[in-house]
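Now for the letters of each chain:
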Amino acid sequence: MASLGFSPNCQTTAMGIMPHQDIERALEVALSLDIPFWPQLPRVSYFEDMYVQALEHFPGVKIDVNNQRILFDLSLFYEELPSYFEKADDPQTFRLTKGFSLVYHRFLERDLSHYPAIRGQMISPISLGLKIVDENQKSIIYHDEVREVLFDFIQKKVNQQYEELRAKNPNAFVWVDDPGLGLIFSALSGYNEVQAKTDLDRFLAGLEGPKGVHLCAKPDWDFLFKSKIDILSFDSFNCGVVIVNYPSLKVFVERGGIISWGIVPTYTELLEQETIDSLMERLETFWEELSRKGVDQKKLLHQSLLAPATCNLLNPDKEKTVEGAFEVLRDLSKAIREKYGLG
């Protein structure tokens, strides 16, 4: 396991996507957590979309801003490939520029040295490759050469981001978002979990620093726990009951794996039904179940982070509920850390 350089101890972080249109306000909210992150704000600009951000300088891609579409042309990919390979050793090829994320650069302008850690994110090559289609509506992950370049490209982008964040805080880490991972376990997918496991392990092996995956999907959890990840962030509000029954979770914790429990709902009607006590009780139910299966509770708490359950762009009240969820998250973390004597 890669060393985190800090003790999680049920401290707070969150996923990247936020509904805000005010950049400074979004940064203020993100920076209110123990482990802040740079927000992805698709309502500010189409370039702040996580799929668009990841594809800057990828061969064969055109961004249609007016229609908010990502276009991929296979013949253009092969046409642009030689010039891409010429620039493949230049860090600037993989840097997230201000044009593709003004928010990221505003985050880097802050003094981030006093936080126990800071976090970044990047879309996973699996989810990206499944979502982006060629001119024939075929997912680009099905093209062997495109897939190979894509995995290497995203790996280099994650490493570049990690280096830039680490310059601001030595305990930086970057996780990959994998919202589409659940699709590979479907009979409809022509890209199966065996190929995905091989590709993902090779991808993770080349990442610098702690290796993390975040997802809201419901995959075969063994697939992830048996991969080379150090951190798993998931929606425990909805998936916790299932995930604690996987024996591979016990092995993951025992080998030092970090779990980010997405526990505070961000949908208005769900958040209104919960209290600090009810959310703590829900978490403790998961932890007690793992204790019964032989997981050391002290070790588990030491290796846990707390987060909102999901990102949310859909609430009618825009950012109000999301900000409320962040407030509940901070209070929940404080209550848990006091109860269990966590530093």
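## Observations regarding the overall build of the protein chain
- Within the protein chain one finds 14 helices and nine strands.
- The C-alpha atoms of the protein chain give a radius of gyration of 20 Å, which matches the 20 Å a tight globule of 343 residues would have.
- Overall size of the protein chain, expressed as C-alpha extent along the three principal axes, is 60 × 40 × 40 Å.
- Here the protein chain holds 343 residues, and 57% of them are scored as buried.
- As displayed, the protein chain offers around 14200 Å² of accessible surface, 49% of which is attributable to carbon and sulfur atoms.
- Positive and negative side-chain charges of the protein chain, numbering 36 and 50 respectively, have mean locations separated by a distance of 3 Å.

## As for empty space enclosed by the protein
- Scanning the model with the defined rule gives two cavities of 30 Å³ or more in all.
- What lines the largest cavity is simply A14, M15, I17, M18, P19, T266, P308, T310, C311, N312, V322 and F326.
- Across the lining of the largest cavity, the residue classes tally to nine nonpolar, three polar and no charged.
- Taken as a whole, the second largest cavity spans an internal volume of roughly 40 Å³.

## Quick word on the sheet that holds strand β5 (residues 173-177)
- A sheet is described by the order of its strands in space; here seven strands give the open sequence β1-β9-β8-β7-β6-β5-β4, paired in parallel fashion. At either margin of the open sheet sits one strand with a lone partner, and together these are β1 (11-12) and β4 (119-123).
- Across four bridges, the pairing between strand β6 (residues 211-215) and strand β7 (residues 231-235) is parallel. Across the sheet, the residue bridging to L215 is F234, located in β7.
- The strands touched by helix α9 (residues 236-243) within the sheet are β7 and β8 (258-264), with β7 carrying the most contacts at an inclination of about 115°.
- Most of the contacts of helix α12 (residues 276-292) go to β8, to which it runs at about 145°, and overall it touches β8 and β9 (304-308).

## Regarding the nonpolar core
- Ranked by internal contacts, the top residues of the largest apolar core, which has 106 residues, are F58, L224, L232 and W261.
- Of the residues forming this core, the biggest block, nine residues, is contributed by helix α6 (residues 144-166).
- Apart from the residues lying within four places of it in its own chain, the contact partners of L224 are L181, L200, V213, L215, P219, I229 and L232.
- Residues A117, I231, L305 and A307 belong to the second largest nonpolar core, which totals 11 residues.

## As for the layout of surface pockets
- The computed volume of the largest pocket comes to approximately 400 Å³.
- Lining the largest pocket are 26 residues, and of these I17, C216, T310, C311 and N312 sit closest to its centre.
- When residues of the lining of the largest pocket are traced back to their parent elements, those giving at least two are α2 (50-54), β6 and α9.
- Looking at side-chain class alone, the lining of the largest pocket contains 15 nonpolar, seven polar and four charged residues.
- Of the pockets and cavities examined, the second largest pocket occupies roughly 220 Å³.
- Looking at the second largest pocket, it is lined by 14 residues, and the ones nearest its centre are H57, F58, P59, V61 and E80.
- Of all elements in the fold, only β2 (61-64) and α3 (74-86) reach the threshold of two or more residues within the lining of the second largest pocket.
- Looking at side-chain class alone, the lining of the second largest pocket contains seven nonpolar, three polar and four charged residues.

## Some remarks on the environment of L342
- Checked against the element boundaries, L342 lands in the segment after α14 (320-340).
- With a relative accessible area of 18%, L342 lands in the buried category.
- For the pair L342 and L329, spaced 13 residues apart in sequence, the C-alpha separation works out to 16 Å.
- Beyond its immediate chain neighbours, meaning those up to four positions away, L342 contacts N9, C10, L301, I336 and R337.

## A look at the packing of aromatic side chains
- Tallied over the entire structure, the rule returns 20 aromatic pairs.
- The interplanar angle of 45° and the centroid separation of 5.9 Å between the aromatic rings of F72 and F77 together place this pair among those described as tilted. We note that F72, like F77, is buried.
- Clustering of aromatic rings is evident, with ring pairs tying together F58, F72, F77, Y78, Y84, F85, F94 and F153.
- Positioned above the aromatic ring of W175, the side-chain terminus of R119 is 3.9 Å from the ring centre.
- Residue placement shows R282 over the ring face of F237; its charged tip is 3.9 Å from the ring centre.

Definitions and cut-offs
Residues numbered from 1 in each chain as written. Predicted model: local features only at pLDDT ≥ 70, side-chain atom pairs only at ≥ 80, totals over all residues. Heavy atoms only, no water. Helix = DSSP H or I, 4+ residues; strand = E, 2+ residues; numbered from the N terminus. Rg over C-alpha atoms; globule rule 2.2 N^0.38 Å. Buried < 20%, exposed > 50% of the residue type's maximum accessible area, 1.4 Å probe, protein only. Areas by Shrake-Rupley, 256 points an atom, 1.4 Å probe, with all protein chains shown as cover. Lys, Arg positive; Asp, Glu negative; His and termini not counted. Charge placed at Lys NZ, Arg CZ, Asp CG, Glu CD. 1 Å grid on protein atoms, 1.4 Å probe; cavity = no way out; pocket = protein on both sides within 12 Å on 5 of 7 lines; lining within 4 Å. Points joined across faces, edges and corners; volume = space filled by probe spheres on them. Nonpolar A, V, L, I, M, F, W, Y, C, P; charged D, E, K, R; others polar. Pairing = 2+ DSSP bridges. Contact = heavy atoms within 4.5 Å. Axes fitted to C-alpha atoms, helices over the stretch in contact; angles between N-to-C directions. Core = buried A, V, L, I, M, F, W, Y, C linked by side-chain atoms within 4.5 Å. Phe/Tyr/Trp six-rings, centres within 6.5 Å; stacked < 30°, edge-to-face > 60°. Lys NZ or Arg CZ within 6 Å of the ring centre and 35° of its normal.

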